[in-house]
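This is what each chain is made of:
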Amino acid sequence: MAAPKNYKKDPNKYAKNADIKADTLSKTLLSVVGFGLMIIGIIGIAMEFFKEGGWLKTALAWLFDSTTHMMFIPVIIFAAWLLNRWMSTPNKNESKKSGNIPLYAMMAVGLFYVYRIITTGGF
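Remember, predicted model here, so these are calculated numbers, not experimental data. Within each chain, residues carry numbers counting from 1 in the order of the written sequence. In view of the model being predicted, local features appear only for residues whose pLDDT reaches at least 70, and side-chain atom pairs are presented and counted only at 80 or more, with totals across whole chains, interfaces and linings using the full set of residues. Each side-chain value is derived from all of the structure's non-hydrogen atoms; neither hydrogens nor water enter the calculation.

Here we look at the packing of aromatic side chains
Each aromatic pair joins two rings of Phe, Tyr and Trp (for Trp, the six-membered one) with centres within 6.5 Å, and gets the label stacked for planes under 30 degrees apart, edge-to-face for over 60, and tilted for any other angle. With the rule as written, the count across this model stands at five aromatic pairs. Consider the rings of Trp62 and Phe72, whose centres lie 5.7 Å apart with planes at 35 degrees: the pair is tilted. Taken together, the residues Trp62 in helix α2 (residues 55–63) and Phe72 in helix α4 (residues 72–87) connect sequence positions ten residues apart. For each residue, the accessible area found with a 1.4 Å probe, counting protein chains only, is set against the maximum for its type, and the residue is called buried under 20%, exposed over 50%, and partly exposed in between. Trp62 sits in the partly exposed class, given a relative accessible area of 43%. Under the relative-accessibility criterion, Phe72 is labelled partly exposed at 40%. By the ring-pair criterion, three or more aromatic residues cluster together here, those being Phe49, Phe50 and Trp55. Working definition: helices are DSSP H or I runs of at least four residues, strands are E runs of at least two. Numbering for both runs from the N terminus.

Spelled out as structure tokens, the structure:
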């Protein structure tokens with residue numbers, strides 16, 4: 001595909017990144033530990049969801065138990081939509097601090113499962 005006629009290639013398009021410094025070793029290690037805690041949290045929650053008689057089976061059994069409980073389905077969908085609107089930004093170039101809440105929550109869950117593994121020997 002050919003470039004448009006008025007397209008001008010900027011020879012210094014990466015010059016704005018010249019003053020970016022690499023992260024320190026401590027920041028890199030902190031990021032790796034945070035990522036590890038997040039992965040452990042995801043694995044722990046997945047195991048709780050999908051084990052025999054787990055959260056997913058219990059929640060779905062309760063939700064579809066009666067028509068009164070099924071009325072909560074639109075409420076759950078609306079709450080998820082509101083949560084998404086609260087954490088998302090309208091502009092793609094910006095980021096909100098509230099968007100990091102799920103990350104920190106999953107790291108806290110991972111910390112809980114690490115403590116549980118240390119104290120009981122398993123998830």
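Considerations on helix α5 (residues 101–120)
To estimate how far a helix should extend, the number of its residues minus one is multiplied by 1.5 Å. Over its 20 residues, α5 extends 28 Å from the first C-alpha to the last, a length consistent with the 28 Å expected when each residue adds 1.5 Å. Two residues or fewer past α5, Gly121 is found with a positive phi of approximately 90 degrees.

A few points about the side chain of Glu48
Turning to its location among the elements, Glu48 is positioned in helix α1 (residues 25–50). When its relative accessible area of 8% is taken as the criterion, Glu48 is described as buried. Here a residue-residue contact requires only that any non-hydrogen atoms of the pair lie within 4.5 Å. Glu48 has contacts with Gly54, Trp55, Tyr113, Arg116 and Phe123, leaving out every residue within four places of it along the chain.

Looking at the packing of α1 against α5
Between two packed helices, the angle of one axis relative to the other and the distance separating the axes together describe the packing. All axes are obtained by fitting lines to C-alpha atoms, using only the stretch in contact for helices, and the reported angles, taken between N-to-C directions, cover 0 to 180 degrees. Between α1 and α5, the least distance of the axes is 7 Å, while the angle of their chain directions is 75 degrees. Here α1 is positioned roughly perpendicular relative to α5, judged by the angle of their axes. Contact residues: α1 offers Gly34, Leu37, Met38, Ile40, Gly41, Ile42, Gly44, Ile45 and Glu48, while α5 offers Leu103, Met106, Met107, Val109, Gly110, Leu111, Tyr113, Val114 and Arg116. Residue classes in the contact of α1 with α5 are distributed as twelve nonpolar, four polar and two charged. To sort the angles, those under 35 degrees are grouped as roughly parallel, those over 145 as roughly antiparallel, those from 65 to 115 as roughly perpendicular, and the leftovers as oblique. Gly is put with the polar residues, along with every residue not named as nonpolar or charged; the nonpolar set is Ala, Val, Leu, Ile, Met, Phe, Trp, Tyr, Cys and Pro, and the charged set is Asp, Glu, Lys and Arg.

A look at the side chain of His69
When you line up the elements, His69 lands in helix α3 (residues 67–70). In this structure His69 comes out as buried when scored by relative accessible area, which is 18%. Among the polar contacts listed, one links the side chain of His69 to the backbone oxygen of Trp62, at a separation of 2.9 Å. Setting aside chain neighbours within four positions, we find His69 in contact with Trp62 and Leu63. Pairs of N or O atoms are called polar contacts if they sit within 3.5 Å, as long as, within protein, a hydrogen donor faces a hydrogen acceptor (for residues adjacent in sequence, only side-chain-to-side-chain pairs).

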